[in-house]
Amino acid sequence: MIDAVYEYLLGLALGLSLAVPPGPMNALIAAEALKTPLHGTAVGAGAMSADATLMVLTYFLYRLVKPYVPYVYFIGGGVMIYLAVLMLRSSNITTSVHGLGSVIRNYTKGYAMGITNPYQIGWWLSAGLTLISIMGLFSIAGLFTGILMWIVTYPLAVYTGKKYLGGKYEVIVRVISGIAIMGFAVYFIYVGLTLLLRSILP
């Protein structure tokens, strides 16, 4: 029983280490949470589904995927640039907040960014692979509990800030989030180019 609790808490800590650090995903969650907390959580749920996919792929296809990691940076950077441009061009972030379709679109955005996000992929190829190889189901449960805690509480905190601080806060969060995603996109493309040249040049 003690071992199970230890494994669960370790997984919980690792889940938070994946979800909490600043990055393009949290920037996207923040921007969408300005609509409603549910929209931000939908993005996070998409990212969490991407984590589940990456977990399975890492476990079964690690050796096959590793040589193609440089290309992941280009794909991830491209997806982030697209989302950042959409975000920065949007004149009214509170449009289309009603209906299931809007929430599903946010889920899809989160999944698309998550499955191509070099940070998430890198995490699974390192800490995640270690977790899978040495830990059991309790650690996996703890991992996804940590992610779930974050994607519920973080959007709620962002939305509460908007509620009390008003419209300027909304614009500031949207612009900062868009710029952050664009910055990460440029950085990831640079890293991908560096890795690719390193593998080609003698």
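Source: prediction; values computed, not measured.

Colleague: Explain the overall build of the chain residue by residue, including any values.
Modeller: The helix and strand tally for the chain stands at eight helices and zero strands. The N-to-C order of helical and strand elements in the chain reads α-α-α-α-α-α-α-α. Residues classed as buried in the chain amount to 43% of the 202 residues present. When contacts within the chain are restricted to residue pairs at least 6 apart in sequence, those whose partners lie at least 24 apart make up 89%. Accessible surface, the chain as shown: approximately 10,700 Å² in total, 74% of it carbon and sulfur.

Colleague: Hey, could you go over a nonpolar patch on the surface for me, with residue numbers and the actual values?
Modeller: A contiguous nonpolar surface patch, about 610 Å² in accessible area, is contributed by V56, L57, Y59, F60, L61 and L64. Note on placement: Y59 falls in helix α3 (residues 37-65).

Colleague: With reference to specific residues and values, describe helix α5 (residues 100-116).
Modeller: Structural remark: α-helix, 3.6 residues per turn; residues separated by three or four positions point the same way. Given a rise of 1.5 Å per residue, 17 residues ought to cover 24 Å, and the 25 Å separating the end C-alpha atoms of α5 matches this to within 8%. When we look at burial in α5, the residues that qualify are S102, V103, N106, G110, M113, G114 and T116.

Colleague: Which residues make up the packing of aromatic side chains, and what values do they have?
Modeller: The tally for this structure, following the rule as stated, stands at one aromatic pair. Each ring, one from W150 and one from Y154, has its centre 4.7 Å from the other, and the planes form 10°; the classification is stacked. With a gap of four residues between them, W150 and Y154 both fall in helix α7 (residues 137-165), about one helical turn apart.

Conventions used here
- Residues numbered from 1 in each chain as written.
- Predicted model: local features only at pLDDT ≥ 70, side-chain atom pairs only at ≥ 80, totals over all residues.
- Heavy atoms only, no water.
- Helix = DSSP H or I, 4+ residues; strand = E, 2+ residues; numbered from the N terminus.
- Buried < 20%, exposed > 50% of the residue type's maximum accessible area, 1.4 Å probe, protein only.
- Contact = heavy atoms within 4.5 Å.
- Areas by Shrake-Rupley, 256 points an atom, 1.4 Å probe, with all protein chains shown as cover.
- Patch = residues over 30% accessible without salt bridge, like charges linked within 9 Å, V, L, I, M, F, W, Y side chains within 5 Å.
- Salt bridge = Lys/Arg side-chain N within 4 Å of Asp/Glu carboxyl O.
- Expected span 1.5 Å × (residues − 1).
- Phe/Tyr/Trp six-rings, centres within 6.5 Å; stacked < 30°, edge-to-face > 60°.

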